[in-house]
Structure formats: structure tokens, C-alpha cells
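Observations on the three-dimensional arrangement
The chain contents come next:
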Amino acid sequence: MDLEVSPALTIPASELGWRFSRSSGPGGQHVNTSDSRVELIWNVADSAALSDEQRMLLLSRLDRRLIAGVITVAASEQRSQLRNREIALAKLAEIVAAGLAPDAPARRATKPTRGSGRRHLAAKQQRSATKRQRQRPPAE
């Protein structure tokens, strides 16, 4: 079952590794007898599905999630191992797509308008007058 991240990138199933263990989530007595927790493992550094440019981009952007060039995604939300497998695949696709997404354009600094500056000062004066009204009158 290949993982389609985008129309341009599909990770073959042969590169994906699975590990199963007992989950601590929902399931009642059933949870103690079945391996429903799923860990999906993908080696980014050695993947043949990526171009050199994509590999370098993922290695730099996902460096905090990678251990020796390998990314691991865990899922244990559902009682069913099959559903947890689907969730893990979706999580990995989302992480990889976010890592390959282009950078957002840099924010252009703008100056406040003259009207907004006036409204800001008027609000400050109003607040100051309100606080002045709360003071004790001077003793004369």
C-alpha cells in the first residue's frame, strides 16, 4: 500500500516499516490482548522516492523529528490496528507534505494609518480620563 503524499511524490510500501505493540488507549479487556498501537517508520536519508533536493529539504526541516535520518510516527487512537495504520499513514503524509511546502512570503512591514494613530491616542486619552475620575478629590 503505497503512500501518496502529493501527485509528484509517492512513497513505495517497500520503504515503509511497521512496528506493532499493545496500546494503552480504549478497548477494555481487549486492549490487553491485541497489538493495536502502530509505529510507522520511514528512512528519509536513504529513500529512493525523493530527489536530492527534496531529501536535503526534508532533512533540514524535519531534523528535530529525525533520528539518524529516520522518521517515526505512532498512532494508538483507535481500537482497530487497521484504523491506526490508516491514521499513521495520514500523519506521515501530512508531515512530509508540510516539510516540502514552499516557504511563506516574508511579511512586509507597514505603517499605521494616520486615522488609526488618532483613534489610538483618543482611546488612551479616554482611558486616562476614566482613571482620573476614580481618584480621590484633592483636599482643599
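So, here's what we can say about the structure. Here the residue numbering is sequential within each chain, running from 1 through the sequence in written order. Owing to the predicted nature of the model, reporting of local features is limited to residues with pLDDT of at least 70; listing and counting of side-chain atom pairs is limited to 80 or more, with chain, interface and lining totals taken over all residues. Computation of side-chain values: all heavy atoms of the structure, hydrogens and water removed.

1. Digging into the nonpolar core
- Counting 23 residues, the largest nonpolar core has Leu 3, Leu 16, Trp 42, Ile 71 and Leu 92 as the members making the most contacts within it.
- Sorting elements by how many residues they give to this core places helix α2 (residues 81–100) first, with 7 residues.
- Residues contacting Ile 71, with those up to four places away along its chain left out, are Leu 40, Ile 41, Trp 42, Val 44, Leu 62, Arg 65, Leu 66, Leu 92 and Ile 95. Only buried residues count toward a nonpolar core. Its members are Ala, Val, Leu, Ile, Met, Phe, Trp, Tyr and Cys residues joined through side-chain atoms within 4.5 Å. Residue burial is assigned from relative accessible area. The probe radius is 1.4 Å, only protein chains are included, and a residue is buried under 20% of its type maximum, exposed over 50%, and partly exposed in between. Runs of E in the DSSP output that reach at least two residues are strands. Runs of H or I that reach at least four are helices, and both are numbered from the N terminus. Any two residues whose heavy atoms approach within 4.5 Å are treated as being in contact.

2. Here we look at the pattern of salt bridges
- Throughout this description, the term salt bridge denotes a Lys or Arg side-chain nitrogen within 4 Å of a carboxyl oxygen of Asp or Glu. Enumeration according to the criterion identifies 6 salt bridges in this entry.
- The shortest N-O distance in the salt bridge between Glu 39 and Arg 37 comes to 2.6 Å.
- A relative accessible area of 15% means that Glu 39 is categorised as buried.
- With a closest N to O distance of 3.0 Å, Arg 55 and Asp 52 form a salt bridge. Taken together, the positions of Arg 55 and Asp 52, both in helix α1 (residues 52–61) and 3 residues apart, correspond to about one turn of that helix.
- Under the relative-accessibility criterion, Asp 52 is labelled exposed at 58%.
- Several salt bridges share partner residues, and in doing so they unite Arg 19, Arg 37 and Glu 39 into one network.

3. A short note on unusual backbone geometry
- For Ala 68, which is not a glycine, the phi torsion comes out positive at approximately 55°.
- If you trace the backbone, Ala 68 turns up in the loop between α1 and β5 (70–75).
- Given the relative accessible area of 76%, Ala 68 is considered exposed.

4. Description of the sheet that holds β5
- In this analysis, strands are considered paired if DSSP registers two or more bridges between them. Pairing within the open sheet is antiparallel, and its 3 strands lie in the order β3-β4-β5. At either margin of the open sheet sits one strand with a lone partner, and together these are β3 (16–21) and β5. For this sheet the average axis-to-axis angle between neighbouring strands, irrespective of direction, equals 20°.
- Pairing analysis gives 6 bridges linking β3 to strand β4 (residues 37–43), with the strands arranged antiparallel. Across the sheet, Phe 20 pairs through a bridge with Val 38, a residue of β4.
- Across the sheet, α2 is in contact with β3, β4 and β5; its angle to β5 comes to roughly 140°. Angles shown run from 0 to 180 degrees and are taken between the N-to-C directions of axes, each axis being a line fitted to C-alpha atoms and, for helices, limited to the stretch in contact.

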